[in-house]
Amino acid sequence: MQAARQTVDRSTKGGVTQEERKLAQTQEREAQRQIDLLVGQVSPNQSKTQLEFYPYRYFAAEGFLPGYNFPRLSVRAYIPAGDAGRFVSRPRVVAIREFAPSNVVYYEGSKFQIAKMRVPVGGIEGKYVRVSVCPSCGYFHEGDDSLRDTCENCGAKIVADRDGNPGKLNRVLEVETMITRRRERITCDEEERLKYGYNVTTHFRYAPQKQEIATVIAADGTQLLQLIYGETAKLRRIDRGLRRDRTERGFKLDAATGV
C-alpha cells in the first residue's frame, strides 16, 4: 500500500503516466481491503466469522479443537469481491491444484482466475529451493542432499528432471497466498487447456529419526521382501504444469509483480 501511495503522490508532480496512476490507485484500494480483513475491520453487513483470524478458525487451524489432526496452515486466495474482498482458504493438498496459476475459482456465482502470487517482502528469488526426487521410489532430497546422484532411500540413480522422468529440480517454489481477478468470459481455448488439470506428483521423505527395517524370509531362507517403517514422514507435492502441455514444464513467474 505504501508503494502504491508513493506512486499516486508522485503523479501530482508529473513523471507518472495516467495508466500507472490508475494501477497504483487500484493497488492501494486492494491493499486497504486486505489490511481491513487481517486486522478485523468489518463493515456493518459483514460477520466476524468471515475474518481470517476469527478465533474458532484459528484454534481449528492450530489443532486445539476436537476432531482436527493438527493440519498445517492453509493456503489462501484473495477474491476482490465488491468493496470488501474475501480470503478463501484451502488445505495445502487441495490448494496445489485449485490455486494453481490460471486455474478458475468459482465463488458466489462468479468466476475468478488465479492471476498472481503475493510477493514476499524479501522478494521471490530467495524463496526458491532445490530438490531432487528419485525416479524409482519417489523419495525426495532437499538442501545439500539434492545434489546427490543416487537415492538415499533405494540407491537408484538420479539424473536431471526431463522427458517426464522425475529428477533434479533447481527452482521449486512453495505455494503462497494467491490473488485472483474476475473473469466473466473464459475462451474455448482456455477451457480446453484447463479441463485436463495439472500434473501433480507426490513424493516422501522419512523423518530424521531411525527407521525400522524388517526382512520377510521364506521357510527355506530365501529373502522375499524388505519392509521399512518410519514413525513419521514428510510429503511433498509438486505441480509440474498443465497435464496436456508437454512442450513446457512448470510455470513462468514475474519475480517483481508475482504474475
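In this report, we go over the structure that sits alongside the text. (Residues numbered from 1 in each chain as written. Predicted model: local features only at pLDDT ≥ 70, side-chain atom pairs only at ≥ 80, totals over all residues. Heavy atoms only, no water.)

On to the pattern of salt bridges, then. Within this structure, the stated rule accounts for 11 salt bridges. Salt-bridge contacts for Arg5 lead to Asp9; the nearest nitrogen and oxygen are separated by 2.8 Å. One end of the pair is Arg5 and the other is Asp9, both in helix H1 (residues 2-11) and four residues apart, which spans about a single turn. On the basis of relative accessibility, which here comes to 34%, the residue Arg5 falls in the partly exposed class. Between Glu28 and Arg5 there is a salt bridge, and its shortest N-O distance comes to 2.9 Å. Placement of the pair is Glu28 in helix H2 (residues 18-39) and Arg5 in helix H1, with a sequence separation of 23 residues. Given the relative accessible area of 18%, Glu28 is considered buried. Several salt bridges converge on common partners, so that one network encompasses Arg5, Asp9 and Glu28. (Salt bridge = Lys/Arg side-chain N within 4 Å of Asp/Glu carboxyl O. Helix = DSSP H or I, 4+ residues; strand = E, 2+ residues; numbered from the N terminus. Buried < 20%, exposed > 50% of the residue type's maximum accessible area, 1.4 Å probe, protein only.)

The next subject is the packing of aromatic side chains. The description of an aromatic ring pair rests on the distance of the ring centres and on the angle between the ring planes. Evaluated as defined, the whole model comprises five aromatic pairs. Taken together, a centroid distance of 5.2 Å and an interplanar angle of 85° make the contact between Tyr139 and Phe204 edge-to-face. Residue Tyr139 is located in the loop between strand S5 (129-133) and strand S6 (140-142), and its partner Phe204 is located in strand S9 (residues 198-206); the two are separated by 65 residues in the primary sequence. A relative accessible area of 5% places Tyr139 in the buried class. Through successive ring pairs, a cluster of aromatic residues spans Tyr139, Phe204 and Tyr206. The ring centre of Tyr128 lies 3.9 Å from the NZ or CZ of Arg171, which sits over that ring. Above the ring of Phe140, the side-chain terminus of Arg236 is found at 4.8 Å from the ring centroid. (Phe/Tyr/Trp six-rings, centres within 6.5 Å; stacked < 30°, edge-to-face > 60°. Lys NZ or Arg CZ within 6 Å of the ring centre and 35° of its normal.)

Here we take up H1. In an α-helix, one turn spans 3.6 residues, which is why side chains three or four residues apart end up on the same side. Taken as a whole, H1 has its buried residues at Ala4, Thr7, Val8 and Ser11. Viewed end-on, H1 has its buried residues packed into an arc of 100°, placing them on one side of the element. Among the exposed residues of H1, those oriented more than 90 degrees off its buried face are Gln2, Ala3 and Gln6. (Arc of directions from axis to C-beta.)

If you walk across this open sheet you meet the five strands as S2-S1-S8-S4-S3, and the pairing is mixed. Of all the strands in the sheet, the pair left with one neighbour each is strand S2 (86-90) and strand S3 (104-107). Taken pair by pair, the neighbouring strands of this sheet meet at an average axis angle of 35°, ignoring direction. One ladder, built from five bridges, connects strand S4 (residues 110-117) with strand S8 (residues 178-182); its direction is antiparallel. Looking across to S8, one finds that Gln113 is bridged to Arg181. (Pairing = 2+ DSSP bridges. Axes fitted to C-alpha atoms, helices over the stretch in contact; angles between N-to-C directions.)

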